[in-house]
Amino acid sequence: MSTTVSSGDDLRAIETIRRGLAHSPELRTGLVPTLLLALVATAGQVVVPIAVQQTLDHGLDAPGGVDVDYVLRMGLLAALAVLVTGVASYLMTSRLFRQSERGLATLRIKAFRHVHELPVLTQNTERRGSLVSRVTSDVDQVSQFLVFGGILFIVSVGQILVATVIMLVYSWQLTLVVWVSFGPLLLSLRYFQRKLSAAYGVVRQQVGAMLSAISEPVVGAEVVRSYAVQERTQAKIDTAIDIYKVASTRAQGFTAFSFSLGGLSGGLANAGVLVIGILLGFAGDITAGEVLAFAFLVTLFVGPVQMGTQILTDAQSAIAGWRRVIAVLETPADLADPGDAGVDLPRGPIDVRFADVSYRYPGGPPVLRDVDLTVAAGTRVAIVGETGSGKSTFAKLLTRLMDPDTGAVLLDGVDVRRVRSRSLRSSVVLVPQEGFLFDDTLRANVRYGRLDASDRDLRESAAALGLGDWLDGLPHGLDTRVGQRGESLSAGERQLVALLRAHLADPDLLVLDEATSAVDPRLEMRIGRALEELMRGRTSITIAHRLSTAENADEVVVVDAGRIVQRGPHADLLAEPGPYAALHASWVAQQGAGLRSGPPDEEPRDRVS
Amino acid sequence: MATTAAMGRERASAMRDGFAVLAVAIRREPWVFAVSTIGSVLFGALTVADAWVLGWSTEHAVIPAFRDGEIGSGVLWAVVALFVGVAIVRAVGIVARRLGAGIMQYRMQAHDRREVTRKYLDLPIAWHQRHPTGQLLSNANADVEAAWGPIAPLPMAVGTVAMMVIAVAQMLFTDAVLAAVGLLVFPAVVVANLVFQRLSSPLMTRAQQLRAEVSEIAHESFEGALVVKTLGREEEETARFAAKSHELRDVLVRAGRIRAAFDPILAGLPSLGVLAVLAVGVARVETGASVASSVVTISYLLTVVAFPIRSIGWLLGEFPRSVVGFRRVRSVLDAIDHTPYGATVLPAASPGTGLRLELDGVRFRYADEQPLLEEVSFTVPAGGSVAVVGETASGKTTLTALVARLIDPAAGTVRVDGVDVRELAAGELARGISLVGQTAFLFDDTVRDNIALGAEVSDEQIWEALRTAQGDGFVAALPDGLDTRLGERGASLSGGQRQRIALARALVRRPRLLVLDDATSAVDPEVESRILGALRAGGAGTSLLVVAYRKATIALADEVLHLADGRVVDRGGHAELLARSRRYADLVNAYEQEEVVG
């Protein structure tokens, strides 16, 4: 039922690349010409060594003395080769950049879309940050590798291959000398890389711990201050910073050491090449120019082995990042939109039926058991019950944030699973307790309910809900910036915005889940009365702690331990002994009803215009 | 013309500022800098030496051997010793350079992070309120990192300059004419490099910014996932995200094209230089003006020195980011705002006596905004209790912040046991008062640490506080009880559970004044009434100031203050106010009135 997004660790590298390419077809487009260009580009690296060899053997040491003409002709040819290979290099790199970034943008957007398709439960169990990183840093890592490490990798492998071929043409013995000098290092790259990536793994972990520690004096400023725990907080921060510093320095030490080995091998190779080359020269197997060309060719090995561990590390984190993105894409969206096969709900009040619905959260006990409930179109129903009785589950099943394990939820006789998402979302609106706001103006947030609404529509909506005064009282009105997550507004005001938004969406079925819990009682009652008017001719289902809501509903449904234990109008339920009467008694006591009174000469009925 | 000049000046000043930032680092870590620079110079010198060794070997070993068909073994051993020796010393140089640069960079970062967070702890809440959370977090992290970014390529760049000087000297010494041909290459590489940096660095900056924006959209959109889903706005959200992602993609593709153009230029320039040296060199050898080994040495030098020259570009390329980061960090460190503390210690009171709180003519406003509180005066007698009742945004939370001295009044005084809170020594007020706010902030720590916050309290005391807060049940059910880690901001708990832990945190200190700012709003009413019952049963030694809506909470108090638009509009017993004030009655009776109406 509920799925968690896997880390993708079980996916093998080759499989990751295969699926990654399938998700971003752009990456494969024109890959063969790009690789051919890469081959030409790398050939540019051996122009200089060959030119040096030619100059020495045929220019300086020519049979008839120094041959300037030969060197000039050869030089021009070589310059041409530098230009041609340079153009090839340009084409290769820019093509690689273009195709990689296109492919990765596609992947990023696909993954983003898919996160929104995931079941609410999955969205809630995943840490938000971890979902965000799958469409940001994980994709960036793949991008970094493809356009930096990837180019480096292609060039390095090409360079070593081309250099080896040229070397073999000159002398297989000296080629062997060079490979013996670099072989052990090439073979141990994997080992160094493992060491390094372990060291950097520790660094990354410590970055997380450090960031969490340094955020405390900012996000928890008031608590730190009011409990005077500055020293304790600073001590925690200092420790986290130090651990991070030590871990980074250690990793840096490893990198420096492994990097230095490339030059060491280069020195060995040069010494070997010259000495053995001279000895071979006595036998007439090789010319002086060829020996010296080797010294230039050896430099082509140094770069790749120096960067080898870095390339491997980048490759590893790119594969890991790619895996994590693919894992998101391959997490089933089990609330799939039926699409064309589905039906649209007709507009107008909706009747609701729960047909033998059972639901349990994964690994938990059942929260709803065999619930059978019909709500006639156009009625107002309140669902009440103690914390944990399963009230909110009703709301989530109704709005298809989750699907029942058994049974079905029917709207106008149609299983919600068969209703097209567009239709469902425009007909059924849920106002949750925490109405999330985007960091934008009040206007933009309210219009999220209906994208084409005008300012006038917004004001009319506010007036209809009795919120006109509140809106007018805001210094910047509809232009008020609500801040991140709406934090510039109070919790109560955020709920007002969410209500306005829902009202503007003009649903046929409105589901309120503790939607006014944070506004002050007087305002809550005002809104309640306003909503009552507005919901005439529509269906509404309200879930609330405050039983005042229940008193005005057409019908009250009492839930206990996942079952409906009582239902009927408020007055009837109150009259009979049972759970509702008990709930109500405790609610009344809580309100201190004994103290209720008011100035006798004043009219307490304060209708809001 | 004028704008070009202005831009030139700006660039020059960015360069100067960049060097100024580096100077700060060098002054603070002179020894590490010295070691890494010496390492780098060593590396540079020995890279040049390598070319010299090759030239020497050509002249004394390769050419004589091929010419004469024989060579002494001593010369061959010398070749081996020179190449291997140079390689080993150069490897040492690399380690010193890279490790030194790393150590210097990490030390500077750690130092600034400590300073910045120390400052955050010291700056008053009013300052915090003026600065967005995200900005403060990035000041302590990304900006610190950016400020010291140039340290990584610094020793390499210094070493490269040294290497270039040595290389040029050696080339001139070897053959002045060939050197002149080769020397055209170095400036050309430097210029190409600078042009490359200038073209690509604005794009890289833009890409960085776009990455942050892409991430912001994802963050916000996923956080609002429920709203997106319930309103069926997936398409619109995806379009919003796609637009930014495409913008990022386009910038990266453009940056890629620039790099694609400059890579072959930077690699090709030295190659062309070598070809020129070969051509001119051969001609000079023909006339007897030069020898073969000089041609080899200078060619090799051009090949090995050209690449490191790029590090100068890397260094200068980091400057703009570094200067901005450094300024942002400085702006925190230079903030002069602070909370002045006095030296007064609260007079020792007999244990179990509540604190006496007096507010006298208190006014508060944020700069240039409407006043939030005006002329507020009241007293909570020792052991007494006062409820503050008022509509949303009437100034209740501001009042509690003043009492806990999170902010200071613009006029008037807040006194505890007769002492102005501004005269109390640091930490003194917190010994007497515990504030529980509307939103419970929990640390990424265990339940025990979150409640004790370093105070010396036994587990029994913690459990007792949890019992009073009605939190013992769910804490006992957590996988590791008090040792359960709560994760960032207590994400694993419900709102009501977080509030109960925050309440226990206040109670465990046995505060002499407990300030509750709607601290049980997310707790359901029955649990809340049990909490209040427990508070009432335990509370003679604690004075209480409580912000509340619910009547049961209000009924706890001896006196009720009715706050409206920042003023105390009425005060007295709950029943008294009900009988007297229509506005008050409307506010607290809302539910029952509804019953009458409905």
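Remember, predicted model here, so these are calculated numbers, not experimental data.

Caption draft 1: Highlighting the overall build of chain A. Per the secondary structure count, chain A includes 21 helices and 10 strands. Computed over its C-alpha atoms, the radius of gyration of chain A comes to 36 Å, more than 25% above the 25 Å expected for a compact globule of 609 residues. Counting only C-alpha atoms, chain A reaches 125 × 60 × 50 Å along its principal axes. Looking at chain A as a whole, 56% of its 609 residues are labelled buried. Taking the intrachain contacts of chain A between residues at least 6 apart in sequence as the baseline, contacts between residues at least 24 apart amount to 78%.

Caption draft 2: Up close: the domain arrangement of chain A. For chain A, the domain assignment lists domain 1 (13–329) and domain 2 (352–592). For domain 1 of chain A and domain 2 of chain A, the distance between their C-alpha centroids amounts to 56 Å.

Caption draft 3: Representation of the sheet that holds strand β9 (residues 559–564) of chain B within the structure. Residues and elements named next belong to chain B. Pairing is mixed across the open sheet formed by 6 strands, whose spatial order is β6-β7-β8-β3-β9-β10. On the outer flanks of this sheet lie β6 (433–436) and β10 (567–572), each paired with one strand and no other. Strand after strand, the sheet turns through a mean of 15° between neighbouring axes, direction not considered. As judged from the 4 bridges shared by β6 and strand β7 (residues 513–517), these two strands associate in the parallel manner. By the bridge assignment, Ser434 is partnered in β7 with Leu514. Along the sheet face, helix α18 (residues 495–507) touches β6 and β7 and points at about 175° away from the line of β6.

Caption draft 4: Spotlight on the domain arrangement of chain B. Per the domain assignment, the segments of chain B are domain 1 (15–333) and domain 2 (357–597). For domain 1 of chain B and domain 2 of chain B, the distance between their C-alpha centroids amounts to 57 Å.

Caption draft 5: Focus on the pattern of salt bridges. Residues and elements named next belong to chain A. Counted according to the given criterion, the structure contains 60 salt bridges over all chains. One salt bridge connects Arg380 with Asp554, and the closest N-O pair in it is separated by 3.3 Å. Pair noted here: Arg380 is in strand β3 (residues 380–384) and Asp554 is in the loop between α19 (548–551) and β9 (555–560), with a separation of 174 residues, a long-range link. In this structure, the salt-bridge partner of Glu555 is Arg567, at a minimum N-O distance of 2.9 Å. Of the two residues, Glu555 is situated in strand β9 and Arg567 in strand β10 (residues 563–568); the sequence distance between them amounts to 12 residues. Look at Arg567 and you get partly exposed, because its relative accessible area is 35%. One continuous salt-bridge network, built from bridges that share partners, spans Glu15, Arg18, Arg19 and Glu330.

Caption draft 6: Highlighting the sheet that holds strand β6 (residues 428–431) of chain A. All names here are of chain A. Read from one edge to the other, the open sheet built from 6 strands follows the order β6-β7-β8-β3-β9-β10, with strand pairing classed as mixed. The two strands at the open ends of the sheet, each matched to only one other strand, are β6 and β10. When strand polarity is set aside, the average angle formed by the axes of neighbouring strands in this sheet is 15°. Docked against the sheet, helix α12 (residues 391–398) engages β3, β6, β7 (509–513), β8 (539–543), β9 and β10, running at close to 145° with respect to β7. Packed on one face of the sheet, helix α17 (residues 491–505) meets β6 and β7 and runs near 175° to β6.

Caption draft 7: Quick peek at the confidence of the model for chain B. Residue and element names in this part refer to chain B. In this model, chain B carries an average pLDDT of 85, and 94% of its residues clear a pLDDT of 70 or more. Across chain B, the element-wise mean pLDDT spans from 46 in helix α23 (residues 590–597) up to 93 in strand β4 (residues 411–416). Per-residue pLDDT stays below 50 along residues 593–598; that stretch engages in 12 contacts with residues further than four places along the chain or on separate chains.

Cut-offs and rules
Residues numbered from 1 in each chain as written. Chains lettered and ligands numbered in written order. Predicted model: local features only at pLDDT ≥ 70, side-chain atom pairs only at ≥ 80, totals over all residues. Heavy atoms only, no water. Helix = DSSP H or I, 4+ residues; strand = E, 2+ residues; numbered from the N terminus. Rg over C-alpha atoms; globule rule 2.2 N^0.38 Å. Buried < 20%, exposed > 50% of the residue type's maximum accessible area, 1.4 Å probe, protein only. Contact = heavy atoms within 4.5 Å. Domains from an automatic or database assignment. Pairing = 2+ DSSP bridges. Axes fitted to C-alpha atoms, helices over the stretch in contact; angles between N-to-C directions. Salt bridge = Lys/Arg side-chain N within 4 Å of Asp/Glu carboxyl O. pLDDT = per-residue confidence, 0-100.

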